[in-house]
Amino acid sequence: MDDIFIGGADGAAQSLLLKRANRHGLIAGATGTGKTVTLQILAQGFADAGVPVFVADVKGDLSGMAAAGSETAKLHPKLVSRAETIGLENYAYESAPCVFWDVFGERGHPLRTTVSEMGPLLLSRMLDLNDTQEGVLNVAFQLAEDENLLLLDLKDLRSLLVHVSERRAELSQTYGNVAPASIGAIQRRLLVLSREGLENFFGEPALELNDMMRTGTDGRGQVNIMDATRIIQNPTLYSTFLLWLLSELFEELPEIGDPDKPRLVFFFDEAHLLFSRAPRALLDKVEQTVKLIRSKGVGVYFVTQNPRDVPEPVLAQLGNRIQHALRAYTPNERRAVKAAANSFRPNPAFDTEETITLLGVGEALVSTLDEKGRPTVVQRTLIRPPASRMGPLTDAERAEVIKTSVVFGRYDTELDRESAYESLERRAETRVREERETAEREAREDEREAREKARNSRSSRSRSRAPRRGSTGAMVTSVLRQSSTVLVRELVRGIFGSLRR
């Protein structure tokens, strides 16, 4: 198998060459024109060709890929009729080998990454920080790197920010100004992130990319479906997460050039959210990633309403295009239709600009890259019907797919190994113990000095009283001596007086 059948155009098949699938693509069109079904048939086509796929399920409909279509379904007659019209032989219903993931860990295996892997640039976008706050976050990350502090989860980052705040005077001299107000703002944004249920997104076990790039024993690629029905409510979180995943693929996968088929195909649904309000540095990163990741065997397909949602430098990298109907009720919409028409190689058989507005549901203008990498002439195409179910799984069906998954049990129990939080706690305990020991030592020194002073004071008093006792003794001795002399003299006088008589 060297191509994916997309649909039929005037009796001719429209296909996507696998060897050109890593040149990226675009699926565009207004709401309700069939973009989701086109995404579904492409994803299952890649899986059947042995190519792992990642898709974000924004509405929940793509979960139906895990189940085969049914002959009792309401649309069955129309799907069979479409297959016959476009010459799709041996059309049959079949499920795709799916693995469900969920950032919140509720409707799929938990998707986690570490704070370090997310990095300050993407984390700043996720927290919607201004330039000053982003600068402080960069200081925190740099300090963590310099002092070997492992940032795994949000409590690590919170502890690190407290540590930075306590040392801000010292750090400002080395890393630049660290404003307490910015640290407070970051802490508040982290609190909001936790309240939105993303506390467990940061931690371990972190996602191993190899678990998304599996091929089954039947040779089919794994379809990784991330439930995005909840996270899409916060567009910034949604787009930042997908960009992180794309960045991880870019950084970890080795260069392989242009393979015979991609190693992974990445569908970025609601792509306009990625570029809305994105800072210049982030847009540059997206442009660089899209431009270079194809040489690592990864194809990126943006799914959005209007091609103008994608910046021109990125749009220029998208060689395979499927354009569903666009409406042209306003001047701005007419300009969008014209821009979309001008991006195709013209077909002399019809007016591209006019045709875009006339396409029916499940119909699209298709242009893919040929063997030499050139865009084919645009063709008005009826998109093939899907083999898997059109519509979501039931909760019971989803639970069964999760329980029988090849990664069941691998990510379901959260780990909490020693990291920055524990290291800083230990440092704080050591500092408190050292301060207590210092205080006790100083108290003992003060007590010893007090005792020494007391002894010296008593000794001084003793020496000052000793001379007074000596003077009194000398006086008594003198008095006794004088008394003795008088007595002797009187006795002598008495003796001689008696003799004279």
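Residues numbered from 1 in each chain as written. Predicted model: local features only at pLDDT ≥ 70, side-chain atom pairs only at ≥ 80, totals over all residues. Heavy atoms only, no water.

Visitor: I'd like to hear about the environment of Gln288, residue by residue, with values.
Guide: Of note, Gln288 is situated in helix H10 (residues 280-293). Using a relative accessible area of 43% as the deciding quantity, one classes Gln288 as partly exposed. In sequence terms Gln288 and Val303 are 15 residues apart; their C-alpha atoms lie 19 Å from each other. (Helix = DSSP H or I, 4+ residues; strand = E, 2+ residues; numbered from the N terminus. Buried < 20%, exposed > 50% of the residue type's maximum accessible area, 1.4 Å probe, protein only.)

Visitor: Requested: an account of the packing of aromatic side chains, with residues and values cited.
Guide: Here a ring pair, both rings aromatic, is described through the centre-centre distance and the interplanar angle of the planes. Applying the stated criterion to the full structure yields 14 aromatic pairs. Arranged with centres 6.4 Å apart and planes meeting at 55°, the rings of Phe46 and Phe267 form a pair that is tilted. Linking Phe46 in helix H1 (residues 35-48) with Phe267 in strand S8 (residues 264-269), this pair joins segments that are 221 residues apart in sequence. Each member of the pair Phe46 and Phe267 is classed as buried. Their ring planes at 50° and their centres at 6.0 Å tell us that Phe275 and Phe302 sit as a pair that is tilted. Placement of the pair is Phe275 in helix H9 (residues 272-275) and Phe302 in strand S9 (residues 298-304), with a sequence separation of 27 residues. Lying over the aromatic face of Tyr421, Lys155 brings its terminal NZ or CZ to 5.6 Å of the ring centre. (Phe/Tyr/Trp six-rings, centres within 6.5 Å; stacked < 30°, edge-to-face > 60°. Lys NZ or Arg CZ within 6 Å of the ring centre and 35° of its normal.)

Visitor: Pulling in residues and values, what's your account of the sheet that holds strand S10 (residues 320-323)?
Guide: Pairing is mixed across the open sheet formed by twelve strands, whose spatial order is S2-S1-S12-S11-S10-S3-S9-S8-S4-S7-S5-S6. In this open sheet, the two strands that pair with only one neighbour each are strand S2 (12-17) and strand S6 (109-110). Looking at chain direction, strand S3 (residues 25-28) and S9 are connected through four bridges and run parallel. Across the sheet, residue Leu26 finds its bridge partner in S9, namely Phe302. On the sheet, helix H8 (residues 235-252) packs against strand S4 (53-57), strand S7 (223-227), S8 and S9 and is oriented at approximately 165° with respect to S8. (Pairing = 2+ DSSP bridges. Contact = heavy atoms within 4.5 Å. Axes fitted to C-alpha atoms, helices over the stretch in contact; angles between N-to-C directions.)

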